[in-house]
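Below are the chains, spelled out letter by letter.
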Amino acid sequence: MCSVKIIIKLMSRVIIFDICFVAGQTKICGVNFMMAHIIDISSQKGGTGKTTTAVNLAASLAIFEKKTLLVDCDPLGNATTCLGIDKKSLSLDLYGALVGDSRPEDVILNTELPHLSIIPSKFRLIHAEARLYRVPGKKKILRSLLASLQEFYDYIIIDSPASLNFFTVSALVAAHWVMIPFQFQIHSLEGLGQLLLVVRSIQKQYNPDVKIAGILLTMWEPGNANPPTATFKLLRRFDTRLFETVIPWDKVLRESLNNQKPVALYDINSRASKAYLELAKEIIEVLKLPEETVDNH
Ligand SMILES: Nc1ncnc2c1ncn2[C@@H]1O[C@H](COP(=O)(O)OP(=O)(O)O)[C@@H](O)[C@H]1O
Ligand SMILES: [Mg+2]
């Protein structure tokens, strides 16, 4: 028996038909709808640009008319604030969906960008683990929740907290891809190695499908002693893809976050806005089809 895949794009969804040739006959032996790519923005170090990247990558994908859901998986709720959502008046959030008080589709909010939605969070998220204490497989709840929403989006971007805890593990268990924002400093290389080991252990224990999408250099300063090429060389020893896009240090990013807007809506001509739009293009290109392997570059 031999088979071919026919890929058809219909109303922005990708449908993959498996066509088999058996005993001189042609048959459709499978139909798969391409689901959202779930990308977890993760690093065990605080302040590496995770939230900034999650918010601005999600917004940039939405600007390219990709249906995108941003999931704020950090009890600090910074991604929620960055999109101008008032946490005090928020009653439907990720906490409610995780503990089963709300349906996943009820906790999704629209944003200023027509193609961008968010599942917001506030500090009560921290109590989710204690409330789920006796629930078996509690680390897989986020995964099931996002799986139920996957067919409605092209991309689901998760903003994870720093350090290894219930939320970072839940996000890795739910994800197809991990993007690692990395602010280059020699002593940060150790933390990077640790995160790659954690991803490997999640692959073994819970989620064999999770792959590293790549390392993203963030907050790059023009006066940096190492040029990006030298840094790339150093990072290659981790045998992990490096995004070609480098996010520059740009004060406009801080201003845009203080103004609770993605940078593209604050100053589309800024270096940071251009970089995050470039990153969105790179992601669209790199993760094009589900069969493509990215980490074996
Ligand atoms: N490229 C950048 N240029 C300048 N400031 C940045 C940049 N990226 C992030 N920041 C700032 O650095 C701080 C930490 O970023 P954040 O995204 O919150 O990190 P994390 O989520 O990893 O803790 C924030 O104040 C943010 O505004
Ligand atoms: Mg953060």
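Just above, that's the structure.
I will try to describe carefully the structure that is included in this document. (Residues numbered from 1 in each chain as written. Chains lettered and ligands numbered in written order. Predicted model: local features only at pLDDT ≥ 70, side-chain atom pairs only at ≥ 80, totals over all residues.)

1. Notes on the overall build of the protein chain
From N to C terminus, the protein chain includes 11 helices and 10 strands. In terms of overall size, the protein chain behaves like a compact globule, its C-alpha atoms giving a radius of gyration of 19 Å where 297 residues would be expected to give roughly 19 Å. Its C-alpha atoms give the protein chain principal-axis dimensions of about 65 × 50 × 35 Å. Residues classed as buried in the protein chain amount to 40% of the 297 residues present. A separation threshold of at least 6 residues defines the contact pool for the protein chain, and within that pool the share at least 24 residues apart is 71%. (Helix = DSSP H or I, 4+ residues; strand = E, 2+ residues; numbered from the N terminus. Rg over C-alpha atoms; globule rule 2.2 N^0.38 Å. Buried ≥ 20, exposed ≤ 12 C-beta atoms within 10 Å, placed from the backbone. Contact = placed C-beta atoms within 7 Å.)

2. Digging into the nonpolar core
With 74 residues, the main nonpolar core has A58, L70, I156, I157, I158, A175 and V178 as its most contacted residues. For I157, the contacting residues outside a window of four places in its chain are I39, I41, A54, L57, A58, T68, L70 and V71. (Core = buried A, V, L, I, M, F, W, Y, C linked by C-beta atoms within 7 Å.)

3. Topic: helix α1 (residues 50–63)
Its 14 residues give α1 an end-to-end C-alpha distance of 20 Å, which sits within 8% of 20 Å, the value for a rise of 1.5 Å per residue. Counting buried positions along α1 gives 14 out of 14 residues, so the element sits mostly inside the fold. Once α1 ends, the next one or two residues include E65, with phi positive near 65°. (Expected span 1.5 Å × (residues − 1).)

4. Observations regarding the site of ligand 1
The immediate surroundings of ligand 1 are formed by 18 residues, with G49, K50, T51, T52 and W249 found nearest. Where the shell around ligand 1 is concerned, the elements lending two or more residues are α1 and α9 (251–258). A breakdown of the residues in the shell around ligand 1 according to their chemical character gives seven nonpolar, eight polar and three charged. (Near = placed C-beta within 6 Å. Nonpolar A, V, L, I, M, F, W, Y, C, P; charged D, E, K, R; others polar.)

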